[in-house]
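Survey of secondary and tertiary structure
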Amino acid sequence: MSLRDQLREETRAEHEALHEHGLLKPLLSADLTFHNYILVLSAFHAFYSHAENISKSQRLTFQWESPVLDWLKKEGELWELKNIKPQQKKDVFKTGCFSEYVGYLYFKQGSTLGGRLIGKSLERSIGIRGGENGFFYYGFGDKTGQNWKAFEAFLQTHENNINSKTAIEAAKACFTTLHDYFNQYETSKELVSA
């Protein structure tokens, strides 16, 4: 079984639990509120602000890595969002090694695929249009599939240098840590837009 298939299979439960979270699930609903959407973006920003450090410590990186913090910043500036601080930062990675980085990439690059479906729902429910007034869920736009294929090629090229168990544990940690951030933000009543 390829590493990609192992990652998909071994993280399925954590992935599905995240999609069922009370803060994230409304993104695919016509009942989504703008406040809910902003809380989701804020939780992602808190998560990625911490998790992205693993990319900075690598000698070998994926050339087309998703610039998630840039997308979140661009959208945040558009909506004049205030930064909601999480109650506590969560450690995601144990060592920051290349195998953990690959698990993180699987989580991060894969989220752009799901973002396409969510992006269409956001346009219908609250008028967020990818590339115009929404950037995080728009991701790479029409090039999202091409980007994912490039990541799969990166995985395959470096598979012999990756400890699959470590990569899987890191990917699982990403799903569960983001779930923890969603728990923190779900109950926030803070005013998040000017």
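Please read these numbers as outputs of a predicted model, since none were measured by experiment.

Another aspect to go through is the overall build of the protein chain. Of regular secondary structure, the protein chain possesses eight helices and zero strands. Walking the protein chain from its N terminus toward its C terminus, one meets helices and strands in the order α-α-α-α-α-α-α-α. Scaling as 2.2 N^0.38, a compact globule of 194 residues should have a C-alpha radius of gyration of about 16 Å, and the protein chain matches this with 16 Å. Counting only C-alpha atoms, the protein chain reaches 50 × 35 × 30 Å along its principal axes.

The subject of this paragraph is the nonpolar core. The biggest cluster of nonpolar side chains holds 54 residues, and the ones touching the most others in it are Phe44, Phe47 and Tyr137. Secondary structure elements with two or more residues in this core: helix H1 (3-10), helix H3 (34-51), helix H5 (68-78), helix H6 (98-126), helix H7 (144-158) and helix H8 (164-186). Leave out the neighbours within four places in its chain, and Phe44 touches Leu24, Leu72, Phe136, Tyr137, Leu178 and Phe182.

Scanning the entire structure with this criterion turns up 23 aromatic pairs. With a centroid separation of 4.8 Å and an interplanar angle of 50 degrees, the aromatic rings of Phe44 and Phe136 are classed as tilted. In this pair, Phe44 is assigned in helix H3 and Phe136 in the loop between H6 and H7, connecting sequence segments 92 residues apart. Since its relative accessible area comes to 6%, Phe44 is described here as buried. Ring geometry for Phe151 and Phe154: centres 6.5 Å apart, planes at 25 degrees, overall stacked. Of the two residues, Phe151 and Phe154 are both situated in helix H7; the distance of three residues between them amounts to about one turn of the helix. Each member of the pair Phe151 and Phe154 is classed as buried. Cluster of aromatic residues (ring-pair linked, three or more members): Phe44, Phe47, Tyr48, Phe93, Tyr104, Phe107, Phe136, Tyr137, Phe175, Tyr181 and Phe182.

Right, let's get into the packing of helix H2 (residues 12-19) against H8. Remark: H2 packs on H8, axes separated minimally by 9 Å, with the N-to-C direction vectors making an angle of 20 degrees. Taken together, the axes of H2 and H8 lie roughly parallel to each other. Where H2 crosses over H8, the two elements pack in a sense that is left-handed. Residues Glu14, His15, Ala17 and Leu18 of H2 touch H8, and the partners they reach there are Lys172, Phe175, Thr176, Leu178, His179 and Phe182. Considering only residue class, the contact of H2 with H8 consists of five nonpolar, three polar and two charged.

This next bit is on the pattern of salt bridges. If you walk through the whole model with that rule in mind, you get 10 salt bridges. Residues Glu152 and Arg4 are paired through a salt bridge, measuring 2.5 Å at the closest nitrogen-oxygen approach. Of this pair, Glu152 sits in helix H7 while Arg4 sits in helix H1, and the two are 148 residues apart along the sequence. Notably, a salt bridge pairs Lys172 with Glu14, separated by 4.0 Å at the nearest N-O pair. Highlighted residues: Lys172 in helix H8 and Glu14 in helix H2, separated in sequence by 158 residues.

Basis of the calculations
- Residues numbered from 1 in each chain as written.
- Predicted model: local features only at pLDDT ≥ 70, side-chain atom pairs only at ≥ 80, totals over all residues.
- Heavy atoms only, no water.
- Helix = DSSP H or I, 4+ residues; strand = E, 2+ residues; numbered from the N terminus.
- Rg over C-alpha atoms; globule rule 2.2 N^0.38 Å.
- Core = buried A, V, L, I, M, F, W, Y, C linked by side-chain atoms within 4.5 Å.
- Buried < 20%, exposed > 50% of the residue type's maximum accessible area, 1.4 Å probe, protein only.
- Contact = heavy atoms within 4.5 Å.
- Phe/Tyr/Trp six-rings, centres within 6.5 Å; stacked < 30°, edge-to-face > 60°.
- Axes fitted to C-alpha atoms, helices over the stretch in contact; angles between N-to-C directions.
- Parallel < 35°, antiparallel > 145°, perpendicular 65-115°, else oblique.
- Left-handed = near helix turned anticlockwise from the far one by under 90°.
- Nonpolar A, V, L, I, M, F, W, Y, C, P; charged D, E, K, R; others polar.
- Salt bridge = Lys/Arg side-chain N within 4 Å of Asp/Glu carboxyl O.

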